[in-house]
Structures are given as C-alpha cells and as structure tokens.
Amino acid sequence: EEEEEAKLQNGGFLPCPAGGVPSGTALEEPLRSCRLRSEAERRGGAPAALPPAPLGFTDVNLNSRNTYEVSRRRSAPEHLPHGGTAPAEPAPPPQEPAERARHRAGIAGAGSTFAEFFTRNFFAKRTKELKPAVPSAPGWKLFGKVPPRENLPKDSKIIQQEYEARTGRMYKPPPPSARRKNIEFEPLSTTALILEDRPANLPAKSVEEALRHRQEYDEMVAEAKKREIKEAHKRKKIMRERFKQEENIASAMVIWVNEILPNWEGMRATRRVRELWWQGLPPSVRGKVWSLAVGNELNITPELYEIFLSRAKERWKSFSETSSENDIEDAGASVADREASLELIKLDISRTFPSLYIFQKGGPYHDLLHSVLGAYTCYRPDVGYVQGMSFIAAVLILNLEEADAFIAFANLLNKPCQLAFFRVDHSMMLKYFAAFEVFFEENLPKLFLHFKSYSLTPDIYLIDWIFTLYSKSLPLDLACRVWDVFCRDGEEFLFRTGLGILRLYEDILLQMDFIHIAQFLTKLPEDITSEKLFSCIAAIQMQNSNKKWAQVFASLMKDNKEGDKNHSPAPKS
C-alpha cells in the first residue's frame, strides 16, 4: 500500500532510494568507462573494471545547458587521478528513518521532479562567442572564402618600370599639363574604367593591359578634343555668317528704303538693284517689293476685296444651312461651287505650314487665310479653289496686310504659268515641261539620261513645286528667298530653281531608282541651305543654242500651233 501510494505521488514510478544516487551517474558511467578504456588501451593494459551503476532517476541540474554537457564536464580528464582509475564513489549520507525518507521522496517527486522536468530546456541555445574581426585578404571572394591575392595593386610607375624592363622600350606618356589642359574635353565618365585600379575583389591588370588602356584613353581624349574643336569652329563660323548676314541686311535695308523704293521705276532694272535682289530682300521691305514687282494689272482695290469677302461669307452661311440639299442636288452643282465649299478650304488650311501652328484652327492667321481664299473663289469662279493655293496665300499673309495680300495673290495667280497650272490646262503644262527638259538635258546630261532610262517625267516632281512656288518643298526662309528672285525674273526662275535642286543632289539621284527618286524629290531634305542651293542655281545656264527660256518656250508654242493646223480637218466644199 505504501509503495502504491508512493507511485501515485511520484507519477507512477518508484522514487529514488533513500541514500540517493550521485548526480549524473547514469549518464556519467558510460562516458567514464569509455575514457578509462581508451586510457588503458593506450598504456597497454587491460581496461579497468567499473562498478555497476545503480538504477534510478538522474538528478538534472537546471543551471546546466543539458545533461550531456553535465556528463561531459564531469567526465573530463582533469577529474581523473593520475593512476588512471576512477575515483571512489562518495560515501552515502547516514540512513534516515523509512517513513521520513518516503515522505520526503514523495514530496520531492511530486513537487520538484515533474516541475523541473517540464520547465527545463532540453535544447538550450549556445551563445556564440564574438570573434575578433579578421581583415579579409584581397582577391576573389567565393562562398565566403577569401583566398589571398597574388597580384596586389601596383603603382603606375612600377607598372611602367616592369614594362620597360621586359620589352626594352621606353614609354613616354604625355605631360600632365598637356593632358589636363582642357579638362572639359576629357570623357571623365570613362576615366575610372580605364585608368583607375580595379577594386580589391577583382584581379589586377597586367602591365600590357594597363598600358593598352592608357593608350586607348589618350586616343579617346584626342578624338574628343578634335570633335569638340571642330564643332566649336563650326558654331563660330555659323555665328560669323549670321552676324555678317545681319549686317548686310541692315545696310541693304537702308539702301532699299532710302534709295530704291522712292525711285522704284527708275532703279528696279539697274545692275546694282538686281545684285541686291539676288542676295535676298530684307524682311522689313520684302512685302513692299513683292507688291511692286507683281503689280496690280487687275486693278483690285481694298474695297473690292471687302465685297468679295462678304459674298464668300454669305455663301459659307448658305452652305452650312443647306448642306443636306446640296448633298442631294450635288449633281447639278457646278465644279466651282464644289471647289469653293467651306469644307474643302478648311481641310486644306489645316495642312498649311503645320509646324508653325499659326494657320491651324484657333491660330492668329487661321481666319485671315480663310478669308483671302474664300474671297478669291468668289472673285475667280472659273478657277475656284485648288489645293496648293493655301501655301501661296499664307506666304503673302506673313509679309503683307490682308487686303494687300489678296491683291498680290490674285495678280500672282493671273500670270500665264500659274494660270495654266491652276486651271489644269494640260496642253500648256506640257509646253512648260518640254521647255524644262530642254534645259535639263543642256545642263545635266547624265542625270537627264538616268531619268529617261526610268521614264521619269518632269510632271512627277514639278507639279508640286510649281503649284506651291516651293513654299511647301523648301524651308520657309529659303522659299522666301526663292520668291524674291521669282518676283524679279518671273516664271523662268521657277524652272531654274528646279534645275538647281537637281544639280545639288545629282550624285545622290544617280544612285537611285524610280521609286526612290520620286520619293526624294517629293520630300526634299530639311537641311538644305540657301548658300548651297543658290550656288547651284547660279551654275545653271538658261540658254540653249543661244536661245533663252522665253525663246525656247515661244518656239514650242509655235510648233504646237503649226501641228494643230496640220492635223485640223479640211473645210468641206
């Protein structure tokens, strides 16, 4: 009964004997036996006999990390005597009365043994000892291992000395003053990649590699200096030309205002005025000179412009109100009315100098351009509105007032060449193309034969140039200078300008086929300059067999009339 009661109080197990077992004996004995056996075998003797370990629970010390650590410390070699035998077991304490021992064991087993069993830490963490930081050796670092580096960073002087000793050649780098004289020319972003030593975790450069990098760096710096100096000279040249041009324009403006314009009729045909005219008109007097050169053969007045403008506004209003009726009765409408419709003019205005944004809807010149074009369609219903007119009217609006622009526009389109093109007079257009080919073959025979081999006729590229007077094909400032001489020389200069463009790009055009030639001439390069173009135009000779443009065109017209007479049917008798 007492044993059963003790088992219940001790969790179903018998308590330890009254005398107790030395702490850690159960785990200590096997380790100690192994230690003693190894010592005996090493000394050549038989292993010492160990007393049998008594059975029972092991007293676990909570201050230790685990039972194995306790046994390891207690079975260490320093605890053994020099004789190699295990120390004698400590004498057990004096016997206590049985009832008292059982009572104490029951309390200890129920109270402390299970509390210690559940609260102790079986896997206590070992605090790592902080090791002093060891400086890592330079070299490759792979998986945390840093092997020592054989090639430590060397000074540039040492590298140079080793290279000279190995090759026997003397390397003379450029002096630092010359190399760092213009620091802004050096590509500093590449200096660290070429000149500086590599980081400690990368292998050092060899002598040949370092010197090769130095040479490449010096070449890069030299090329950068040349390129920067060339660009600086180019900018200076452009600025000098611009300043010179502005000075020439200022001095020419004084001449035009004070001398030429007051005596226009007497001086317009003089050699001095023609030379100034060729150099380009000052912007301040350009509109006035254009108006005088074009003239006013139609005798249009500002009041007449207002009359036709009011008619155009009434027509636009009626078109907007009766658009559905016009759609139904479109078959009965005249061609001029369809061409004069508001939608067609609006569509073309939006395409006029789109990069300037001043003629787009909401721009300062949108309504002005719309008014000039609308008034002209009412003034010349036989011509109406034709695509391309908006560019000519826009250039005039940029240089003249509204009424003056309309007067110049109407008189300019009344010239024979423009009237033939805008009225789409095919017979007259063919005469102009034939005259152009005569001077094309005379001035550019190789390119002429090249075009002939591809059956590339002038109408493919000339129509767009003539319809817009080069204002769509050339930059606006260059187109205005073409207009200057066109107002002086007339229609002849339009075709001479076309030949100048072909001469300027002759070498490129000779390498192209039909498609590429047509695409190139439809959209000319934007970097074309007035100096290059006018030098090519000046090289074009508008003479063929001592015949000028007017004489060649007149002979073509005469031949055409004679041919019409020969092919006309004979009158009936």
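Residues numbered from 1 in each chain as written. Predicted model: local features only at pLDDT ≥ 70, side-chain atom pairs only at ≥ 80, totals over all residues. Heavy atoms only, no water.

Turning our attention to the overall build of the protein. Counting secondary structure elements, the protein contains 28 helices and two strands. Evaluated residue by residue, the protein yields a buried proportion of 35% over its 573 residues. Contacts in the protein between residues far apart in sequence, at least 24 positions, make up 71% of those at least 6 positions apart. With an accessible surface of roughly 36,500 Å², the protein has 55% of that area assigned to carbon and sulfur atoms. (Helix = DSSP H or I, 4+ residues; strand = E, 2+ residues; numbered from the N terminus. Buried < 20%, exposed > 50% of the residue type's maximum accessible area, 1.4 Å probe, protein only. Contact = heavy atoms within 4.5 Å. Areas by Shrake-Rupley, 256 points an atom, 1.4 Å probe, with all protein chains shown as cover.)

Within an α-helix, residues lying three or four positions from one another point in the same direction, as the helix has 3.6 residues per turn. Taken residue by residue, helix H10 (residues 271-278) has Val273, Leu276 and Trp277 as its buried positions. The arc enclosing the buried residues of H10, seen along the axis, measures out at 105°, which places them on a common side. Contacts made by the buried residues of H10 are with helix H8 (207-260), helix H9 (264-267), helix H11 (283-294) and helix H23 (476-489). One or two residues past the end of H10 sits Gly280, with phi positive at roughly 110°. (Arc of directions from axis to C-beta.)

Glancing now at the pattern of salt bridges. Here the structure, examined in full by the defined rule, presents 10 salt bridges. Between Arg214 and Asp218 there is a salt bridge, with the nearest N and O atoms lying 3.7 Å from each other. One end of the pair is Arg214 and the other is Asp218, both in helix H8 and four residues apart, which spans about a single turn. Residues Glu259 and Arg272 are paired through a salt bridge, measuring 2.9 Å at the closest nitrogen-oxygen approach. (Salt bridge = Lys/Arg side-chain N within 4 Å of Asp/Glu carboxyl O.)

The grouping of Met253, Val254 and Val257 at the surface amounts to a nonpolar patch, some 220 Å² of accessible area in total. Residue position: Val254 is located in helix H8. Residue class for Val254 comes out partly exposed when judged on its relative accessible area of 44%. (Patch = residues over 30% accessible without salt bridge, like charges linked within 9 Å, V, L, I, M, F, W, Y side chains within 5 Å.)

What follows is about the layout of surface pockets. The computed volume of the largest pocket comes to approximately 1,200 Å³. Lining the largest pocket are 31 residues, and of these Gln245, Asp477, Arg481, Ser530 and Glu531 lie nearest its centre. Elements supplying a minimum of two residues to the lining of the largest pocket: H8, H10, H11, H23 and helix H27 (530-539). Among the elements that take part in the lining of the largest pocket, H8 stands out by supplying eight residues, more than any other. Here the residues of the lining of the largest pocket sort into 15 nonpolar, seven polar and nine charged. Residues from two domains meet in the lining of the largest pocket; each of domain 1 (208-279) and domain 3 (422-561) gives at least three. (1 Å grid on protein atoms, 1.4 Å probe; cavity = no way out; pocket = protein on both sides within 12 Å on 5 of 7 lines; lining within 4 Å. Points joined across faces, edges and corners; volume = space filled by probe spheres on them. Nonpolar A, V, L, I, M, F, W, Y, C, P; charged D, E, K, R; others polar. Domains from an automatic or database assignment.)

With that out of the way, let us pick up the UniProt feature "coiled-coil region" (unreviewed entry) in the protein. Summarizing the sequence annotation, UniProt attributes the feature "coiled-coil region" (unreviewed entry) to residues 207-242 in the numbering used throughout. Between the end C-alpha atoms of residues 207-242 the distance is 52 Å, and the span holds 100% helix and 0% strand. (UniProt positions renumbered as here; feature names shortened; annotations may be inferred.)

This part is about helix H18 (residues 402-412). Judged by how many residues are buried, H18 sits mostly within the fold: nine of 11 residues are covered. For H18, every residue scored as buried is listed here: Ala403, Ala405, Phe406, Ile407, Ala408, Phe409, Ala410, Asn411 and Leu412.

Bringing the side chain of Arg380 into the picture now. As for its position among the elements, Arg380 is in the loop between helix H16 (366-379) and helix H17 (389-399). Setting aside its immediate chain neighbours within four residues, Arg380 contacts Asn414, Leu419 and Arg423.

The next subject is the packing of helix H20 (residues 426-443) against helix H24 (residues 491-504). In contact at an axis separation of 11 Å, H20 and H24 are set at 45° when each is read in the N-to-C sense. Put simply, H20 runs oblique to H24. Handedness of the crossing formed by H20 with H24: right-handed. On H24, the residues touching Tyr432, Phe436, Phe439, Phe440 and Asn443 of H20 are Glu491, Phe495, Gly498, Leu499, Leu502 and Arg503. Along the lines of polarity and charge, the residues of the contact of H20 with H24 split into seven nonpolar, two polar and two charged. (Axes fitted to C-alpha atoms, helices over the stretch in contact; angles between N-to-C directions. Parallel < 35°, antiparallel > 145°, perpendicular 65-115°, else oblique. Left-handed = near helix turned anticlockwise from the far one by under 90°.)

What follows concerns the side chain of Thr352. With respect to the helices and strands, Thr352 occurs in the loop between helix H15 (342-349) and H16. On the basis of relative accessibility, which here comes to 0%, the residue Thr352 falls in the buried class. Separated by 3.0 Å, the side chain of Thr352 and the backbone oxygen of Asp348 make a polar contact. Ignoring any residue separated from it by four or fewer positions in sequence, one finds Thr352 in contact with Phe359, Gln360, Leu369, Ser390, Phe391 and Ala394. (Polar contact = N/O pair within 3.5 Å; in protein donor to acceptor, adjacent residues only side chain to side chain.)

Of note in this structure, Asn299 is not a glycine but carries a positive phi near 55°. By secondary structure assignment, the location of Asn299 is in the loop between H11 and helix H12 (302-321). On the basis of relative accessibility, which here comes to 60%, the residue Asn299 falls in the exposed class. Of note, Val424 is a non-glycine position whose phi angle comes to about 55°, a positive value. When you line up the elements, Val424 lands in the loop between helix H19 (416-422) and H20.

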